[in-house]
Amino acid sequence: MTAPKSPLSRRTDLWPLVHAERAALAADLADLTEEHWTTPSLCTGLTVREVLAHLTAGARLNGVRWLAGVIRCRFDFDKQVAMRLAEQLGTSPADTLDRFRQVITSTTKPPLPTMAMLGETIVHGEDIRRPLGIRRTYPIETLTLVADYYSRSDMVVIAKGRIQGLHLVANDGPFSTGSGPLVTGSTLALTMAMTGRTAYCGELAGPGVTTLRDRCGTT
C-alpha cells in the first residue's frame, strides 16, 4: 500500500527547486582543479566527477530511454546506471561540468517522481560537496520537503526502512517523523543519514544514533 502523501509533498512547483539546486551545484564546482575532480565522493567507488555525470544522466533519461536501457542491460539496474554515467562523463572534467550545465533547466526524468529528482540532486550534491569541503546553506523548506519524502519512501534508496522504529527530529526546521529512540540534528544531516551516508551521523545526537549509524551500511 502506498503511504499517504504529506501536505508538504503535495506541491506541484518542484522543478524550480530542482533547477535551483542544479545551478547552485554547478556554481560550486566552477573552479575545481583537476585534482579535485578525482576526489572520492561519498558514493562508494565513484569520484566527484563521476557522481556529477550520474546527475547529468538522470536529467537526460526519459522513460522510453530508461526502459530501453533496462532491457539492453538485461534488467541489471546497476549496469544501466554505470552505462548512462559513462555516456555523460565526457572527455575532461570541463566537459563533464559543461554537460551538467546544459541540463540545469531540464524537466526530463526517468519514471520517478519529481520529488525523487529533487532528492537525488541534493543528496548527490552533498556526495560531491562534502569530500571537497564545500558547504551550502540550503533553503530549509527545500530540505524539509526532501527529508519528508525520504522518510516515507524506499524508492531508489532505502530510507523509510532504515529509520523504522526511530524518532527523527530536526533542530533547524519543522521536520519530524517516526517514534522510538530519538535522533536529532540538522535537516540535512538527518536526510543524508537516512539515505545511508555514515559521514553525517557524527552530526546527530540522541539514543537512536547508534542504531541509525549501524543501518547506514545497508542498501
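What comes next is a walk through the structure. Everything quoted here is computed from the prediction, not taken from an experiment. Residues take numbers from 1 onward in each chain, read along the sequence in its written order. Local features in this predicted model are restricted to residues of pLDDT 70 or higher, and side-chain atom pairs are both shown and tallied only at a pLDDT of 80 or more, whereas totals for entire chains, interfaces and linings draw on every residue. Values shown for side chains rest on all heavy atoms present in the structure; no hydrogens or waters enter the calculation.

## Observations concerning the overall build of the chain
Per the secondary structure count, the chain includes ten helices and three strands. Mapped from its N terminus to its C terminus, the chain presents α and β elements in the order α-α-α-α-α-α-α-α-β-β-β-α-α. Any residue under 20% of the maximum accessible area for its type is buried, any over 50% is exposed, and the rest in between are partly exposed; the area is computed with a 1.4 Å probe on protein chains only. Burial statistics for the chain: of 219 residues in total, 49% are counted as buried. A separation of at least 24 residues holds for 65% of the contacts in the chain among residues at least 6 apart in sequence. Of the roughly 10,500 Å² of accessible surface on the chain, a fraction of 55% belongs to carbon and sulfur atoms. Under the scheme used here, helices are H or I runs from DSSP no shorter than 4 residues and strands are E runs no shorter than 2 residues, and both carry numbers assigned from the N terminus. Here a residue-residue contact requires only that any non-hydrogen atoms of the pair lie within 4.5 Å. Note that accessible areas follow from Shrake-Rupley with a 1.4 Å probe, and for residues the cover is restricted to the protein chains shown.

## A closer look at the pattern of salt bridges
Note that side chains of opposite charge can pair when their charged atoms are close. The rule for a salt bridge is simple: a side-chain nitrogen of Lys or Arg has to be within 4 Å of a carboxyl oxygen of Asp or Glu. The final tally for this structure, using the stated rule, is six salt bridges. Where Arg129 meets Asp28, a salt bridge forms, and the shortest distance between an N and an O atom there is 2.7 Å. Here Arg129 is found in helix H7 (residues 114–132), whereas its partner Asp28 is found in helix H1 (residues 15–28), with 101 residues between them in sequence. Taking relative accessible area as the criterion, Asp28 reaches 28% and is therefore assigned partly exposed. Note that Arg130 is salt-bridged to Glu203, the shortest N-O span being 2.5 Å. Of this pair, Arg130 sits in helix H7 while Glu203 sits in the loop between helix H9 (187–194) and helix H10 (209–215); the two residues are 73 residues apart in sequence, bridging distant segments of the chain. Accessibility expressed as a relative area gives 36% for Glu203, which makes it partly exposed.

## So, the side chain of Thr121
Topologically, Thr121 is positioned in helix H7. Judged by its relative accessible area of 6%, Thr121 is buried. Every residue in contact with Thr121, bar those within four places of it in the chain, is listed here: Val18, Glu21, Arg22 and Leu55.

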